[in-house]
Amino acid sequence: LLRLLRLLGMISVFDSLYLMTTAIKGSLQILVWAVLVLCVVEMSLACLLQASVENFLREGNRSQEAADAVYMHFGSFARSMLTMFELTLGNWMPPTRACVENVSEWYLLFFLLHKFIIGFSVVSVLTGVFIQETFKVATSDDQIMLNNKRRATRDHTTKMTNLFKYADNDGDG
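Residues numbered from 1 in each chain as written. Predicted model: local features only at pLDDT ≥ 70, side-chain atom pairs only at ≥ 80, totals over all residues. Heavy atoms only, no water.

## Quick look at the nonpolar core
Here comes step 1: The biggest cluster of nonpolar side chains holds 16 residues, and the ones touching the most others in it are Val53 and Phe111.
Here comes step 2: Counting only elements with at least two residues in this core, the list comes to helix 3 (28-58), helix 4 (64-74), helix 5 (77-89) and helix 7 (107-140).
Here comes step 3: Considering each element in turn, this core owes the most residues, six residues, to helix 3. (Core = buried A, V, L, I, M, F, W, Y, C linked by side-chain atoms within 4.5 Å. Buried < 20%, exposed > 50% of the residue type's maximum accessible area, 1.4 Å probe, protein only. Helix = DSSP H or I, 4+ residues; strand = E, 2+ residues; numbered from the N terminus.)

## Things to note about the packing of helix 2 (residues 15-26) against helix 8 (residues 142-167)
Here comes step 1: Relative orientation of the contacting elements helix 2 and helix 8 amounts to 155°, with a least axis distance of 11 Å. When the axis of helix 2 is compared with that of helix 8, the two are roughly antiparallel. As helix 2 runs across helix 8, the sense of the crossing is left-handed. Taken together, the residues of helix 8 that come into contact with helix 2 (itself represented by Asp15, Tyr18 and Leu19) are Gln143, Ile144, Asn147 and Arg151.
Here comes step 2: Counted by class, the contact of helix 2 with helix 8 contains three nonpolar, two polar and two charged residues. (Axes fitted to C-alpha atoms, helices over the stretch in contact; angles between N-to-C directions. Parallel < 35°, antiparallel > 145°, perpendicular 65-115°, else oblique. Left-handed = near helix turned anticlockwise from the far one by under 90°. Contact = heavy atoms within 4.5 Å. Nonpolar A, V, L, I, M, F, W, Y, C, P; charged D, E, K, R; others polar.)

## Details of helix 8
Here comes step 1: In this model, helix 8 (26 residues) spans 37 Å end to end at C-alpha, consistent with the 38 Å of a helix rising 1.5 Å per residue.
Here comes step 2: Within the span of helix 8, buried status applies to Gln143, Ile144 and Asn147. (Expected span 1.5 Å × (residues − 1).)

## Notes on the side chain of glutamate 42
Here comes step 1: Among the structural elements, glutamate 42 can be located in helix 3.
Here comes step 2: Although glutamate 42 lies buried, it forms no salt bridge, and the closest oppositely charged side chain, lysine 115, sits 9.2 Å away as judged by the N-O distance.
Here comes step 3: If near-sequence neighbours (up to four positions away) are discounted, glutamate 42 is found in contact with Met81, Met84, Phe85, Thr88, His114 and Ile118. (Lys, Arg positive; Asp, Glu negative; His and termini not counted. Salt bridge = Lys/Arg side-chain N within 4 Å of Asp/Glu carboxyl O.)

## Looking at the packing of aromatic side chains
Here comes step 1: Under the defined criterion, the tally for this structure stands at four aromatic pairs.
Here comes step 2: Ring centres of phenylalanine 74 and phenylalanine 111 lie 6.2 Å apart, and the angle between their planes is 35°; this geometry places the pair in the tilted category. Here phenylalanine 111 lies in helix 7 and phenylalanine 74 lies in helix 4, a separation of 37 residues in the sequence.
Here comes step 3: Taken together, a centroid distance of 6.4 Å and an interplanar angle of 35° make the contact between tyrosine 107 and phenylalanine 111 tilted. Of the two residues, tyrosine 107 and phenylalanine 111 both sit in helix 7, four residues apart, roughly one turn of that helix.
Here comes step 4: Clustering of aromatic rings is evident, with ring pairs tying together Phe74, Tyr107, Phe110 and Phe111. (Phe/Tyr/Trp six-rings, centres within 6.5 Å; stacked < 30°, edge-to-face > 60°.)

## Remarks on the state of the cysteines
Simply put, the disulfide is a covalent bond whose two ends are the sulfur atoms of two cysteines.
Here comes step 1: Taken as a whole and judged by the stated rule, the model has zero disulfides.
Here comes step 2: Left unpaired, cysteine 39 is separated from the closest cysteine sulfur, that of cysteine 47, by 12 Å.
Here comes step 3: The partly exposed category is assigned to cysteine 47, whose relative accessible area is 40%. (Disulfide = S-S within 2.5 Å.)

## Here's the deal with the pattern of salt bridges
Here comes step 1: With the rule as written, the count across this model stands at two salt bridges.
Here comes step 2: Of the charged contacts, one joins arginine 58 and glutamate 54 as a salt bridge, the two residues approaching to 2.8 Å between their closest N and O atoms. Linking arginine 58 with glutamate 54, this pair stays in helix 3, spanning four residues, or about one helical turn.
Here comes step 3: On the basis of relative accessible area, arginine 58 is assigned to the exposed category, the value being 65%.
Here comes step 4: Glutamate 54 gets classed as partly exposed once you look at its relative accessible area, which sits at 34%.
Here comes step 5: The shortest N-O distance in the salt bridge between arginine 97 and glutamate 101 comes to 3.6 Å. Taken together, the positions of arginine 97 and glutamate 101, both in helix 6 (residues 93-102) and four residues apart, correspond to about one turn of that helix.
Here comes step 6: Owing to a relative accessible area of 47%, arginine 97 belongs among the partly exposed residues under this scheme.
Here comes step 7: On the basis of relative accessible area, glutamate 101 is assigned to the exposed category, the value being 56%.

Here's what the structure looks like:
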């Protein structure tokens, strides 16, 4: 498969595909570390949130709808973990509303801090690292540099040919 990708990298139509696959291959180590760090942080927060809503779910003086809404997001470790990734990468308002409206308004502070710190900062840093790795691969891969040089030479030749055709007023070449 890698030989096929290298062959496709020599064809200029597939330059973008070759760059993407090479960048992904070069970013695998960063991806593993990013996933590991994000999973550990999200697991810790999921356990914390699940434990903090456990008393609410066990007590009997609340409505069944409120308990169902909170249980849907934080009723088990798996649900809490899924909700934490939803908070980080997706729609953060439904879990926030479930806790703020049914358990305590103080959860708003936790969810806003999570969104600002993890959702914006950490995810933005991870995105920046992947972009930097893509640029590093694009500037250091021999095949990509050769393809760019060939394309630049071809474009320059086309421009010079057009210039000489334009400058040839009497058509004698």
